[in-house]
Amino acid sequence: MPYKTEIKKLQYKDLFEHLDINTYQIDVPDDMFDGWQQTLDLLSEIAKSPAVLIMRLTPSDISVFTTSNSQGNPYSRHDKEELGNGLYCETVIKSQSELHIPNALKDKEWDHNPDIKLGMIAYCGLPLTWPDKTPFGTICMLDSQEREYSPTYRQLLKQFQNTINANLASLYQHSELQYLNQILNDQVQQRTSELAQLSGKLIEEIENRRVIENSIDYYKSYDALTGLPNRLSFIDLLTKQLNTSLSPITTVMYIGLRNFKSINNSYGYVIGDKLLQNFTQRVKRYLNNDTLFSRVTGAEFIIAQPKEKLIDEMQLVNQIIACTNTPFTLGDFTITVPCFIGIAQAPVDSDDASELIQKAGAALHMSKIDGSQYTFFAQQNNESIEQRYHLESNLVNVLKNRELTIHYQPLFCLKNSKVIGAEALLRWHSPTLGNIPPDQFIKLAESNGQIIEIGNFVLHTAISQAAKWHTMQLENFRIAINISPVQFRNLNFAEHIEELLSLYNLPASALELEITEGILLQDEHCAQHTIKVLQNLGVRVSLDDFGTGYSSLSYLQKYSFDTLKIDRCFITNIENNEQDRELSKAIIAIGKKLGMHVIAEGVETRVQDDFIKFEECDIGQGYLYGKPISAELFESNYLIRID
Ligand code: C2E
Ligand code: CA
Ligand code: CA
């Protein structure tokens, strides 16, 4: 219990023990004073004593407190005598016992007593005492004549002494109570202020809890990182929008950022989180007030936009694509995370929020599979997804079941018409599904991370194979291996390649790694570094599928590739398409100018072969020179012939 304070019970006994009452300051109330006055008057009358007094001691003197109203009484109230002058009363106080002097004049001890000056020679006095044993003073009778006070009067005096002491005791008690009361009051006040503080703290605590509870409510509905509604509250919002919107046409876009996991792995979660926040901010700029925007999980977002006449949903799709293709600068890093978008529309695809999201998600999967940046939902998407799961479940055990092999396609030197190397191309033969083209299963393996294992298999197999061919005195033989962006993003990739080269004893110059623009787009900083390290080792780096990407030319300026591979689609159209012909010419010329080897892919005809030779392309690759074939066939078809 954080605020439990121990409440001390008042120990009255202890309190009394520690009471510090100054008896000098206790006032005698008027009614008590009047009683004393009557007592003294009575005693004076009965005992025929001209002066009957109650004296009170102060720290410095002794004074007449009450004096009898009798004839011949020389004492008035407040008369004072200093101490130390041998007063009768002072002696009574000191001895705390009765003093009886019949005639001071005859008593050597008393003949200088100050009272003699007032004519008082006979004295009988008793001490008055507070219950704490401190002296109050005396009660005494005085006479101007020699006088032996009889035992009756002395007894009477004693009676009055008792009465007055009893009065003093009650006064003292009253003071004690007052004092205690004061202490109690103080304590109550202290407790009150403690309680006030406590209640302040409690109010604060209640407020804190309320804030926490509110924030828990908030986090139930919103994503803490981006502040966007989460999936559940998005479904609610979309349901409301679909029910209330004047126009029931709504476009739901499911956005997935590509390979976000590996960004987290390479740069850490802090950078990953910042990227998601920056992405959220960028997208928000394009949304209007009616558009719903949510973060569903990790790097997946959904947007729901009610259709207005003027707004074209494609405009928004393109804006999102453009803002993910623009690099994010986060600290020292420049990172690009392209996205895939799946689109479903109400009411065509469904008028239910959850179903729309599910269908947009299915369209997103299709985008990932076929590599297109956005895909509209179509019924066949769902079917393809089922196929994909089927394929994926078969892909899991490919390595264990030894279902993968590598085929080698010759790289043909156009100048001397010799095979100078081979590109390693992966083949999967599934006993149940048959031959699956790499285009289909590599994307799948990339999306589920299996590509690392599979890529390693390719590297080991192709490098060991190339090392074997290299020892067959094929000194200039080069092996080209395709590298997936997922493999390339591993910060230790270059180190791994170095290890493999020394493991199989293949010179670095015999290895060419083919990468696509996707690698550069996703992570310029890391890619640039890895390319540098690989080239320093002596490994060649080739830019594959050139011309199909986003901003190919600018990459040629930024990175120093060793080889440029013109994509098959240009070569295929050389014969019929003027524009592609011109483009191919330009690409070859630029490549040469930048000091790169240029390879033309997909050469199938003599016309294409003539064209690339004329344009002084270095290497040709295509069915015209040779299809991808097994290592054994490749060895017997080409290598022996070269010898
Ligand atoms: P790519 O790197 O562009 O490989 C060339 C593709 O073009 C190969 O298809 C090859 O068989 C095909 N090809 C070659 N000459 C011709 C031709 O004259 N006409 C036609 N129509 N096609 C030709 P393949 O083997 O189906 O590979 C497809 C893609 O799969 C490759 O494209 C590459 O991107 C990927 N891939 C293949 N093996 C691997 C691998 O080991 N790792 C990675 N990451 N990707 C691979
Ligand atoms: Ca390739
Ligand atoms: Ca290619």
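(A) Structural context of the overall build of the protein chain. Along the protein chain, the regular secondary structure elements total 22 helices and 22 strands. The C-alpha atoms of the protein chain give 56 Å as radius of gyration, which overshoots the globular expectation for 643 residues (26 Å, by more than 25%). Expressed along its principal axes, the backbone C-alpha trace of the protein chain runs to roughly 165 × 65 × 45 Å. A burial count over the protein chain gives 48% of its 643 residues as buried. Long-range contacts, defined here as pairs at least 24 residues apart, represent 66% of the contacts in the protein chain between residues at least 6 apart.

(B) Focus on the site of ligand 1. Near ligand 1 there are 21 residues, and of these Gln 409, Arg 427, Arg 568, Glu 604 and Tyr 623 occur at the shortest range. Glu 423 is positioned such that a nitrogen or oxygen atom in its side chain is 3.2 Å from an oxygen atom of ligand 1. For ligand 1, an oxygen atom lies 3.3 Å from a polar atom in the side chain of Asp 545. Broken down by element, the shell around ligand 1 gets its largest block of residues, 4 residues, from strand E15 (residues 418–430).

(C) Region of the structure containing helix H13 (residues 451–471). The first and last C-alpha atoms of H13 sit 30 Å apart over 21 residues, in line with the 30 Å expected at 1.5 Å per residue. Listing the buried residues of H13 in full gives Ile 451, Ile 454, Gly 455, Val 458, Leu 459, Ala 462, Ile 463, Gln 465, Ala 466, Ala 467, Trp 469 and His 470.

(D) Region of interest: the coordination of the calcium ion (ligand 3). Protein ligation of the calcium ion (ligand 3) involves Asp 544 (OD), Asp 545 (OD), Glu 601 (OE) and Glu 601 (OE), the donor distances falling in the range 2.1 to 2.5 Å. The metal-metal distance between the calcium ion (ligand 3) and the calcium ion (ligand 2) is 3.9 Å, with Asp 544 coordinating both. Residue Asp 545 is classed as partly exposed on the basis of its relative accessible area, which comes to 26%.

(E) Local environment of the nonpolar core. Counting residues in hydrophobic clusters, the biggest one holds 77 residues, and the most contacted among them are Tyr 408, Ile 479, Ile 481, Leu 511, Phe 561, Ile 612 and Phe 634. Once residues within four sequence positions are removed from consideration, Ile 481 is found in contact with Ala 424, Val 458, Leu 459, Ala 462, Ile 463, Leu 511, Glu 512, Leu 513 and Glu 514. Formed by 31 residues, the second largest nonpolar core is a distinct cluster that contains Tyr 267, Ala 299, Cys 339 and Ile 341.

(F) Structural view of the packing of aromatic side chains. All chains considered together, the criterion is met by 22 aromatic pairs. Note on Trp 130 and Tyr 172: the rings are 6.5 Å apart at their centroids and 45 degrees apart in plane angle, and the pair reads as tilted. Linking Trp 130 in the loop between strand E5 (122–129) and strand E6 (135–143) with Tyr 172 in helix H5 (residues 151–221), this pair joins segments that are 42 residues apart in sequence. You'll find Trp 130 and Tyr 172 in the same group, each marked buried. For the pair Phe 477 and Phe 634, a centre-to-centre distance of 6.3 Å together with 75 degrees between the ring planes defines the contact as edge-to-face. With Phe 477 in the loop between H13 and strand E17 (478–482) and Phe 634 in helix H22 (residues 631–642), this residue pair connects regions lying 157 residues apart in the sequence. The same class applies to Phe 477 as to Phe 634, namely buried. Aromatic ring contacts, followed pair by pair, group Phe 33, Trp 36, Phe 65, Trp 130, Phe 136 and Tyr 172 into a single cluster. Over the ring of Phe 65 we find Arg 77; its NZ or CZ atom is 5.3 Å from the centre of that ring. One Lys or Arg, Arg 282, reaches over the ring of Phe 328 and ends 3.7 Å from the middle of that ring.

(G) Quick look at the coordination of the calcium ion (ligand 2). On the protein side, the calcium ion (ligand 2) has Glu 423 (OE), Asn 482 (OD1), Glu 514 (OE) and Asp 544 (OD) as donor atoms, found 2.1 to 2.3 Å from it. Of note, the donors binding the calcium ion (ligand 2) are all from one chain and are spaced E-x58-N-x31-E-x29-D.

(H) Looking closely at the sheet that holds strand E1 (residues 51–57). With antiparallel pairing, 6 strands are arranged side by side in an open sheet as E3-E2-E1-E6-E5-E4. This sheet does not close on itself; its edge strands, each paired only once, are strand E3 (80–82) and strand E4 (99–101). Each adjacent strand pair in this sheet contributes to an overall mean axis angle of 25 degrees, direction not counted. Where E1 and E6 come together, 6 bridges link them in antiparallel fashion. Its bridge partner being in E6, Ala 51 is matched across the sheet by Leu 142. Docked against the sheet, helix H2 (residues 30–47) engages E1, strand E2 (61–67) and E6, running at close to 80 degrees with respect to E2. Relative to the sheet, helix H3 (residues 88–95) contacts E1, E2, E3, E4, E5 and E6, its axis offset from that of E6 by approximately 135 degrees.

(I) Summary view of the sheet that holds strand E12 (residues 339–346). Taken together, 5 strands build an open sheet; the order of strands is E8-E9-E7-E12-E13 and the sheet is mixed. Two strands close off the open sheet at either side, each with one partner strand: strand E8 (292–297) and strand E13 (374–376). On average, each strand axis in the sheet is tilted by 20 degrees relative to the strand beside it, whichever way the strands run. Here helix H10 (residues 353–370) sits on the sheet in contact with strand E7 (250–257), strand E9 (300–306), E12 and E13, set at roughly 145 degrees to E12.

(J) Here's a closer look at the packing of helix H8 (residues 269–284) against helix H9 (residues 313–325). Where H8 contacts H9, the two axes come as close as 10 Å, and the packing angle between them is 145 degrees. By crossing handedness, the relation of H8 to H9 is classed as right-handed. Every residue of H9 that contacts H8 at Phe 279, Arg 282 and Val 283 is listed here: Ile 320, Cys 323 and Thr 324. Residues that form the contact of H8 with H9 fall into these classes: 4 nonpolar, 1 polar and 1 charged.

(K) Representation of a nonpolar patch on the surface. Taken together, the side chains of Tyr 218, Tyr 219 and Tyr 222 define a hydrophobic patch exposed on the protein surface, amounting to about 300 Å² of accessible area. Take Tyr 222: it is sitting in the loop between H5 and helix H6 (231–244).

(L) Seen up close, the pattern of salt bridges. For the structure on display, the rule yields 22 salt bridges. Ionic pairing is found between Glu 205 and Arg 209, a salt bridge with its closest N-O pair at 3.0 Å. Taken as a pair, Glu 205 and Arg 209 lie in helix H5 at a separation of 4 residues, close to a single helical turn. Here Glu 205 falls in the partly exposed class, since its relative accessible area comes to 23%. The structure contains a network of salt bridges with shared partners spanning Glu 423, Glu 514, Lys 565 and Glu 601.

(M) View of helix H7 (residues 260–267). Within H7, 6 of the 8 residues are buried, which leaves the element mostly enclosed by the surrounding structure. Looking at the buried side of H7, the elements it contacts are E7, H8, strand E11 (333–335) and helix H17 (524–537). Phi turns positive, to about 95 degrees, at Gly 268, one or two residues after H7.

Procedures and definitions
Residues numbered from 1 in each chain as written. Chains lettered and ligands numbered in written order. Predicted model: local features only at pLDDT ≥ 70, side-chain atom pairs only at ≥ 80, totals over all residues. Heavy atoms only, no water. Helix = DSSP H or I, 4+ residues; strand = E, 2+ residues; numbered from the N terminus. Rg over C-alpha atoms; globule rule 2.2 N^0.38 Å. Buried < 20%, exposed > 50% of the residue type's maximum accessible area, 1.4 Å probe, protein only. Contact = heavy atoms within 4.5 Å. Near = heavy atom within 4 Å. Polar contact = N/O pair within 3.5 Å; in protein donor to acceptor, adjacent residues only side chain to side chain. Expected span 1.5 Å × (residues − 1). Donors = N, O, S within 2.8 Å, 3.2 Å for Na, K, Ca; no water. Core = buried A, V, L, I, M, F, W, Y, C linked by side-chain atoms within 4.5 Å. Phe/Tyr/Trp six-rings, centres within 6.5 Å; stacked < 30°, edge-to-face > 60°. Lys NZ or Arg CZ within 6 Å of the ring centre and 35° of its normal. Pairing = 2+ DSSP bridges. Axes fitted to C-alpha atoms, helices over the stretch in contact; angles between N-to-C directions. Left-handed = near helix turned anticlockwise from the far one by under 90°. Nonpolar A, V, L, I, M, F, W, Y, C, P; charged D, E, K, R; others polar. Patch = residues over 30% accessible without salt bridge, like charges linked within 9 Å, V, L, I, M, F, W, Y side chains within 5 Å. Areas by Shrake-Rupley, 256 points an atom, 1.4 Å probe, with all protein chains shown as cover. Salt bridge = Lys/Arg side-chain N within 4 Å of Asp/Glu carboxyl O.

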